Amino acid sequence: MVFLVIIPGIPAALGNFALPMMLGAKDVAYPKLNRFSYHLWLTGALFFVIALLTKGLDTGWTFYAPYSTSHSDSAVIWATMGAFILGFSSIFTGLNMLVTVHKMRPDGMTWFRMPLFIWAIYATAVIQILATPVIGIALLMLTIERALGVGIFDPALGGDPVLFEHIFWFYSHPAVYVMVLPAMGVVSELISNFSRKPIFGYRSIAFSSVAIAIFSFIVWGHHMFVSGQSDIVNVVFSALTFSVAVPSAIKVFNWVATLYKGSISLDTPMWYALAVIWLFGIGGLTGLWLGTLGTDIHLHDTYFVVAHFHFVMVGSAIFAFIGGIFYWWPKMFGVMYNECVAKLGCFLAFAGFNITFLPQFVAGSKGMPRRYFDYAPEFASYNYWSSIGAMVLGVGLSIALYSLVRSLMGERKVAPANPWGAVTLDWQCTSPPPPHNFDHAPPVEGPYDHELVRWKESLNGYEPVDPVDGDPNLARMGSAKTV
Amino acid sequence: MTTASADAHGHHGDHGHDHPEHLAHHFDTLEQQFDSCKLGMWAFLLTEVLFFSGLFVAYATLRANNPEIFSLAASFLDTKWGAINTVVLLISSFTAAMSVRNAQLGETSKLKANLIITLLCAGAFMGIKYVEYSHKWHAGLLPPGLENSMFNPENPWVPEAAHHDIDYLKLQAEVNVMTPEERVHTMTTLGRFFGVYFFLTGLHGVHVLIGIGVITWVLFRANRGEFGPDNFTAVDLTALYWHLVDLVWIFLFPLLYLIA
Amino acid sequence: MTAQAHDSHDDHHGLGHVLPVKMLAGVLGALLFLTLVTVITGSTYLYGFDLAIAMVIATTKATLVCAIFMHLRWDKGFHTFAFIGSVLFVGVFLAYTLTDTKQYQGDIRAYSIDETANSAFAAPLQDPIPHAHDGDDHSGEEAVDH
Ligand SMILES: [Cu+2]
């Protein structure tokens, strides 16, 4: 899930599609590298499948030494090599995005006219370039250690198992932001566009993305509070961890401020965005409990951590990913899906998710440990509700998938160029876009100036208002759009 | 990496009218294309720096905690070969920088000469590495998991009394006076040192081999007369990569060979 | 087609900066000289400053390579910024890990002593195996009693 879905999900899948369009560029800077990175992803996935089909993998995604190097008999090397290859796939995506943002901006697209999704992807690219190679070397060292018995990490040979955790988490904490930063970017787009209001605090959201990227490199030790790490380092890491909460909170407050007095249209993508605010709120705040030294020692390795992690990684990253898919679906395939079915899927998934993971916070704080196949009888009711929630979640996601697949089959409902009234450049080309995105270079204005488009009944979508002759009042009619 | 980014300006002869020959069609100007490739290469070099950093961290922690054992370990490495390799690599870095100049000025024959010298240096570097590695292979100075390693904790390899046992006798003299506990610690730490040594130099060697491949490819293109003032990106990026390989060695040499 | 393509402007070129041969050769000379210095200082005892001196020399060499061979001095400032930034991150990585690692070395040592009590290294290293006949492999036995 982590290496194969969440990490490439938004940056590679949505980023490669939407970023050049939003930027007003013809293409990403390295189209061939892009395809190469996709092939690497496929190869890495194949390695994981081989690992599953041969001996399985019992180390978890963290591959902690010395279990993974000296004791486990599962297919560790297949999995680490798979993750190594996936890491390079991720690096090349990040590199491509970074260069695209720097060099492919057309005239008029200044840094502060870029949509916030691009800022988020840019910050993600920085992390991908600087952090991902470290997981590469960590996994390579682990592989060599396992193959040649070097003993760098094996304490039986005098090696240092905590060193592995340091090297691993130097990547894997920033990796959390590789997963969640692009999600925040998607939410920023959705909230502004469906509130038909300029995003509140544009610059602070943009800078908070970059701040998160930088802070993410200096807090990795909060995963290691009970590893035997020294006390002084524990205290420093705990304190720094709180600093990451600041830029994250800046985003959430700005989203809420954007909603305030907006003229909100509750289309499917917007429901996902609202779900993310709720889920990320819970996931983010519970993260503070885990960043606090005292409470972490109580909560470490319990279901509390599982619930927290899922609220952030699935609740925020995956929900935003799905919301992004629903948002850009008309642009990708030129068809509209059935709103009712799509919304039903969203509601069920949201409800199912909460029913699954909220009880786990309680179970975890009462001491139910993670990574055991069984649980003590007093945890039965929590697990019961989690199971029910998981089924509802499954049904909800299936319905969401059905609504998307259904839109491509049978009688298609053709999508207009701009069904949502968004002002970013990706909605100024046709749906689906022509090979080089724009037949004529689009004029670049601010990304969230909603007075630049107006609803047009005959198009069943929005059209640009000529900023000179257009009647600005017409743009406000967007709110009258019926869903 | 180099290949893909340099490929970005393949031939699109029959495309747009006002498009220069070497310009891929998603770029507007040659300058934009060149800047993009260069930025991409630098971003790739950053990943390389961080990629090696994990090993340097492993090296640093090992060394910080066992300084004396590390200087004992370094005394098994031959400073002479390390120094010669440093010189060889520095010269190749110089010729790589020269080849960029040649490409920029369109001096094709000088360009080819400089690329060939770079390749020869790279080959010499790998040759010397081979000499060093094979010496250690025969002397049993290997990561502990290997069967013929004298640091193998289960069944340490003992040489036959012949040419390659000088290192062994030296080690024996050092550790046999220790208490058993100290000896175990020293031997396992030495094993880890050689693990890290082979890993660091091996990974660096792999980078040299990749460099040889890329430089050869550039040489073929130079031979076809492809490079000139408007089109020297491939040479420039390859040289950047080669300088990074040199940079890593600049740090590896004192850290591994000069700590005794 | 390329042979006669250039003329006067050696210094400022359309796409990149062309370095004079003298400068490149000068840098090579400096690098070789510093290598010699580091070999000499590396083989003398310098009162605990060996590592620091070796690293200062290596960093100087690296700076020369980056600034001149890699054109950073004439290149976009962003490349320098990014490169130095990445080195700073490596510094953070090293600093944290090194601060931390000393504390639990004792634990590792104790554990590893337990685990390796039966290791072959608990006994002294054997003498090299003679060619024709069996060696006396108890020669170092007394050493254990120290
Ligand atoms: Cu973390």
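Source: prediction; values computed, not measured.

Colleague: Lay out the overall build of chain B in plain terms, naming residues and giving numbers.
Modeller: Check the secondary structure of chain B and you find eight helices and zero strands. Secondary structure elements of chain B, listed N to C terminal, follow the sequence α-α-α-α-α-α-α-α. Here the C-alpha atoms of chain B give a radius of gyration of 23 Å, more than 25% beyond the 18 Å that 2.2 N^0.38 yields for 260 residues. Overall, the C-alpha framework of chain B stretches about 80 × 30 × 25 Å when taken along its three principal axes. When burial is assessed residue by residue, chain B has 67% of its 260 residues classed as buried. For chain B, contacts bridging at least 24 residues in sequence account for 72% of all contacts bridging at least 6. Accessible area of chain B: about 8400 Å², with a carbon and sulfur share of 62%. If you average the places of the 13 positive and of the 24 negative side-chain charges in chain B, the two averages end up 7 Å apart.

Colleague: Please set out the overall build of chain C residue by residue, giving values where relevant.
Modeller: When you go through chain C residue by residue, the secondary structure sums to four helices and zero strands. Within chain C, contacts between residues separated by at least 24 positions form 47% of all contacts whose residues are at least 6 apart in sequence. Counting only carbon and sulfur atoms, one obtains 64% of the accessible surface of chain C, whose full area is about 8500 Å².

Colleague: Go over the pattern of salt bridges with me, naming the residues and quoting the values.
Modeller: All names here are of chain A. Tallied over the entire structure, the rule returns ten salt bridges over all chains. Two residues, aspartate 301 and arginine 370, come together in a salt bridge whose shortest N-O distance is 3.8 Å. In this pair, aspartate 301 sits in the loop between helix H10 (293-299) and helix H11 (303-333) while arginine 370 sits in the loop between helix H12 (339-365) and helix H13 (380-408), placing the two residues 69 residues apart along the sequence. A salt bridge links aspartate 301 to arginine 371, with the shortest nitrogen-to-oxygen separation between them at 3.9 Å. Of this pair, aspartate 301 sits in the loop between H10 and H11 while arginine 371 sits in the loop between H12 and H13, placing them 70 residues apart in sequence.

Colleague: Requested: an account of the pairing of strand E3 (residues 453-456) of chain A, with residues and values cited.
Modeller: All names here are of chain A. Burial along E3 is one-sided: Val453 and Trp455 are buried, while Arg454 and Lys456, pointing the other way, are not. For E3 and strand E4 (residues 461-464), the ladder comprises four bridges, and the chain directions are antiparallel. Looking at E4, one finds that valine 453 is bridged to proline 464. Here E3 folds back onto E4 in antiparallel fashion, the turn holding four residues, of which asparagine 460 has a positive phi close to 60°.

Colleague: Go over the coordination of the copper ion, please, and point to the residues and values.
Modeller: Residues and elements named next belong to chain A. Only His173 (ND1), His222 (NE2) and His223 (NE2) from the protein coordinate the copper ion, and they sit 1.8 to 2.0 Å from it. Judged by its relative accessible area of 5%, histidine 173 is buried. Judged by its relative accessible area of 13%, histidine 222 is buried.

Colleague: Can you break down the state of the cysteines residue by residue, with the values?
Modeller: Simply put, disulfide is the name for a covalent bond between the sulfur atoms of two cysteines. According to the stated counting rule, one finds zero disulfides over all chains in the structure shown. In this model cysteine 346 of chain A remains outside any disulfide bridge; the closest cysteine sulfur is found in cysteine 340 of chain A, 13 Å from its own.

Colleague: An account of the interface of chain B and chain C is needed here, citing residue identities and associated values.
Modeller: Taken together, the 80 residues of chain B in the interface contact 69 residues of chain C. Taking both sides of the interface into account, the surface hidden between chain B and chain C amounts to around 6500 Å²; carbon and sulfur atoms contribute 73%. A salt bridge links aspartate 75 of chain C to lysine 38 of chain B; the shortest N-O distance between them is 3.8 Å. At the boundary of chain B with chain C, the tally comes to five residue pairs in polar contact (both at pLDDT 80 or more). Elements supplying a minimum of two residues to the side of chain B that touches chain C: helix H2 (30-65), helix H4 (79-105), helix H6 (166-175), helix H7 (180-223) and helix H8 (233-257) of chain B. No other element matches the 20 residues that H2 of chain B contributes to the side of chain B that touches chain C. The residue makeup of the side of chain B that touches chain C, split by class, is 50 nonpolar, 17 polar and 13 charged.

Colleague: Before we move on, can you summarise the environment of phenylalanine 125 of chain B with the specific residues and values?
Modeller: Residues and elements named next belong to chain B. Along the chain, the position of phenylalanine 125 falls in helix H5 (residues 108-139). Taking the C-alpha atoms as reference points, phenylalanine 125 and asparagine 85, separated by 40 residues in sequence, lie 5.7 Å from one another. If sequence neighbours within four positions are ignored, phenylalanine 125 has contacts with Asn85, Val88, Leu89, His204, Val208 and Trp249.

Colleague: Help me get a handle on the domain arrangement of chain C, residues and values and all.
Modeller: Residues and elements named next belong to chain C. According to the domain assignment, chain C contains domain 1 (1-75) and domain 2 (76-119). Across the contact, four residues belong to domain 1 and five residues belong to domain 2. Here domain 1 packs against domain 2, burying approximately 370 Å² in sum over the two surfaces, 60% of which is carbon and sulfur. In terms of surface lost to domain 2, no three residues of domain 1 exceed Cys66, Leu72 and Asp75, which account for 96% of the buried area on that side. Counting across the interface, domain 1 meets domain 2 through zero salt bridges. Linking domain 1 with domain 2 are two residue pairs in polar contact (both at pLDDT 80 or more), by the criterion used here.

Colleague: Before we move on, could you go through a nonpolar patch on the surface and cite the residues and values that matter?
Modeller: On the surface, Tyr45, Tyr47, Phe49 and Ile53 of chain C cluster together into a nonpolar patch covering about 530 Å² of accessible area. The class of isoleucine 53 of chain C is partly exposed, set by a relative accessible area of 30%.

Colleague: Go over the interface of chain C and chain A with me, naming the residues and quoting the values.
Modeller: Taken together, the contact pairs 19 residues of chain C with 28 residues of chain A. In this assembly, chain C packs against chain A so that about 1900 Å² is buried in total across both faces, 73% of it on carbon and sulfur atoms. Among the residues of chain C in contact with chain A, Phe89, Phe93 and Tyr96 of chain C are the three that bury the most area, contributing 36% of the side total. Counting across the interface, chain C meets chain A through zero salt bridges. Where chain C packs against chain A, one counts six residue pairs in polar contact (both at pLDDT 80 or more). No other element matches helix H3 (residues 77-101) of chain C, which puts ten residues into the side of chain C that touches chain A. Residue composition of the side of chain C that touches chain A, by class: eight nonpolar, eight polar and three charged.

Colleague: Could you give an account of unusual backbone geometry, naming the residues involved and the relevant values?
Modeller: Residue and element names in this part refer to chain A. Of note, the amide linkage connecting alanine 65 to proline 66 takes the cis form, showing an omega dihedral of 0°. Checked against the element boundaries, proline 66 lands in the loop between helix H2 (31-53) and helix H3 (67-71). Here the amide bond leading from serine 431 into proline 432 is cis, since omega sits at -15°, within 30 degrees of zero. With respect to the helices, strands and loops of the structure, proline 432 is situated in the loop between strand E2 (413-414) and E3. Backbone geometry at lysine 261 places phi at a positive 60°, although glycine is not the residue there. With respect to the element layout, lysine 261 can be found in the loop between helix H8 (231-259) and helix H9 (268-291). Phi at asparagine 437 takes a positive value of approximately 75°, unusual for a residue other than glycine. Structurally, the position occupied by asparagine 437 is in the loop between E2 and E3. With relative accessibility at 9%, the residue asparagine 437 sits in the buried group.

Colleague: I'd love a proper account of the packing of aromatic side chains, names of residues and values included.
Modeller: This model, assessed by the stated rule, comprises 64 aromatic pairs over all chains. Ring centres 5.0 Å apart and planes at 85° place the aromatic pair phenylalanine 168 of chain A and tryptophan 169 of chain A in the edge-to-face group. According to the relative accessible area criterion, tryptophan 169 of chain A is buried, its value standing at 6%. Considering the side-chain rings of phenylalanine 70 of chain B and phenylalanine 193 of chain B, the 4.9 Å spacing of their centres and the 90° angle between planes classify their relative orientation as edge-to-face. Here the residue phenylalanine 70 of chain B occupies a position in helix H3 (residues 67-74), and phenylalanine 193 of chain B occupies one in helix H7, the gap between them amounting to 123 residues. What makes phenylalanine 70 of chain B buried here is its relative accessible area of 1%. Look at phenylalanine 193 of chain B and you get buried, because its relative accessible area is 2%. Feature note: the residues Tyr272, Trp289, Phe304, Phe311, Phe319, Phe326, Tyr337, Phe353, Phe357 and Phe361 of chain A constitute an aromatic cluster, connected by ring pairs.

About the cut-offs
- Residues numbered from 1 in each chain as written.
- Chains lettered and ligands numbered in written order.
- Predicted model: local features only at pLDDT ≥ 70, side-chain atom pairs only at ≥ 80, totals over all residues.
- Heavy atoms only, no water.
- Helix = DSSP H or I, 4+ residues; strand = E, 2+ residues; numbered from the N terminus.
- Rg over C-alpha atoms; globule rule 2.2 N^0.38 Å.
- Buried < 20%, exposed > 50% of the residue type's maximum accessible area, 1.4 Å probe, protein only.
- Contact = heavy atoms within 4.5 Å.
- Areas by Shrake-Rupley, 256 points an atom, 1.4 Å probe, with all protein chains shown as cover.
- Lys, Arg positive; Asp, Glu negative; His and termini not counted.
- Charge placed at Lys NZ, Arg CZ, Asp CG, Glu CD.
- Salt bridge = Lys/Arg side-chain N within 4 Å of Asp/Glu carboxyl O.
- Pairing = 2+ DSSP bridges.
- Donors = N, O, S within 2.8 Å, 3.2 Å for Na, K, Ca; no water.
- Disulfide = S-S within 2.5 Å.
- Buried area = accessible area lost by both parts, 1.4 Å probe.
- Polar contact = N/O pair within 3.5 Å; in protein donor to acceptor, adjacent residues only side chain to side chain.
- Nonpolar A, V, L, I, M, F, W, Y, C, P; charged D, E, K, R; others polar.
- Domains from an automatic or database assignment.
- Patch = residues over 30% accessible without salt bridge, like charges linked within 9 Å, V, L, I, M, F, W, Y side chains within 5 Å.
- Phe/Tyr/Trp six-rings, centres within 6.5 Å; stacked < 30°, edge-to-face > 60°.

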